[in-house]
Amino acid sequence: MPRQERERRFITEYVLDTFPAGNWMLNVPLGEVPPELVRLHGLRTGAALFRPQRRRVDAVAWTRDAYYVIEAKIRDPFEGIGRLVTYVAEAASSPDLPGYAGQPFIGRLVVPFLIERDVLAARRMDLEIVEFFKPWIADYV
């Protein structure tokens, strides 16, 4: 199974377990939509036209009290921390986030194993890091 498919399975299983009410979405585009496109086509069509240029976070999930910007990394938490810092910043300027109603943003990195250096790095960046493990991951790593 290619790496990308494993990470897609990993994040899907995580959000299904963690947000069973279904208040989540995968592969969400982030960042501004150029005002010219919005003015010419409206937000929905402008966002669709600009979608290939926008960054995508693995998942978002929302509650009444928080909006989670979620990145999952099976093998490289360091890369996930770096990406997540950018994704959280871009979420704040995204006009079309599903389920967003002004909640504070929380960046969350999901990994199969917690390593102390990654926990410390995430904390320094004001990000959450959580461990989520399924038996099939052991065969991969």
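Residues numbered from 1 in each chain as written. Predicted model: local features only at pLDDT ≥ 70, side-chain atom pairs only at ≥ 80, totals over all residues. Heavy atoms only, no water.

A. Representation of unusual backbone geometry within the structure. If you check the backbone angles, Asn27 has positive phi at about 55° while not being a glycine. For Asn27, a relative accessible area of 27% corresponds to the partly exposed category. (Buried < 20%, exposed > 50% of the residue type's maximum accessible area, 1.4 Å probe, protein only.)

B. Highlighting helix H3 (residues 77–91). Between the first and last C-alpha of H3 there are 20 Å, a value that for 15 residues agrees with the 21 Å anticipated at 1.5 Å per step. Burial in H3 covers these residues: Pro77, Gly80, Ile81, Leu84, Tyr87, Val88, Glu90 and Ala91. (Helix = DSSP H or I, 4+ residues; strand = E, 2+ residues; numbered from the N terminus. Expected span 1.5 Å × (residues − 1).)

C. A look at the sheet that holds strand E3 (residues 67–72). In spatial order, the strands read E1-E2-E3-E4-E5; together these 5 strands make up an open sheet with mixed pairing. Because the sheet does not close on itself, it has two edges, and the strands there are strand E1 (24–30) and strand E5 (128–131). For this sheet, the mean angle separating the axes of adjacent strands, direction not counted, is 35°. Where strand E4 (residues 105–111) lies against E5, 4 bridges are found, and the strand directions are parallel. Within the sheet, the bridge partner assigned to Val111 lies in E5 and is Glu131. The strands touched by H3 are E1, strand E2 (55–62), E3 and E4; relative to E4, the strand with the most contacts, the crossing angle is about 160°. (Pairing = 2+ DSSP bridges. Axes fitted to C-alpha atoms, helices over the stretch in contact; angles between N-to-C directions. Contact = heavy atoms within 4.5 Å.)

D. Local environment of the side chain of Gln103. Note on placement: Gln103 falls in the loop between H3 and E4. A distance of 2.9 Å separates the side chain of Gln103 from the backbone oxygen of Thr63, its partner in a polar contact. From its side chain, Gln103 meets the backbone oxygen of Gly99 in a polar contact 3.2 Å long. Excluding anything up to four places from it in sequence, Gln103 contacts Trp62, Thr63, Arg64, Asp65, Ala66 and Tyr67. (Polar contact = N/O pair within 3.5 Å; in protein donor to acceptor, adjacent residues only side chain to side chain.)

E. A look at the pattern of salt bridges. Using the criterion set out here, one finds 10 salt bridges in the structure. In this structure, the salt-bridge partner of Glu128 is Arg108, at a minimum N-O distance of 2.7 Å. Residue Glu128 is found in strand E5, and its partner Arg108 is found in strand E4; the two are separated by 20 residues along the sequence. With relative accessibility at 29%, the residue Glu128 sits in the partly exposed group. Through salt bridges that share partners, Glu7, Glu71, Lys73, Glu79 and Arg83 make up one connected network. (Salt bridge = Lys/Arg side-chain N within 4 Å of Asp/Glu carboxyl O.)

F. Region of interest: helix H2 (residues 35–50). Between its first and last C-alpha atoms H2 spans 11 Å; for 16 residues at 1.5 Å apiece the expected length is 22 Å, and the helix comes up short by more than 12%. Along H2, the sharpest kink reaches roughly 120°, centred on Gly42. (Bend = angle between axes of the 7 residues up to and from the residue.)

The quantities given are spatial measurements derived from coordinates; they are silent on function.
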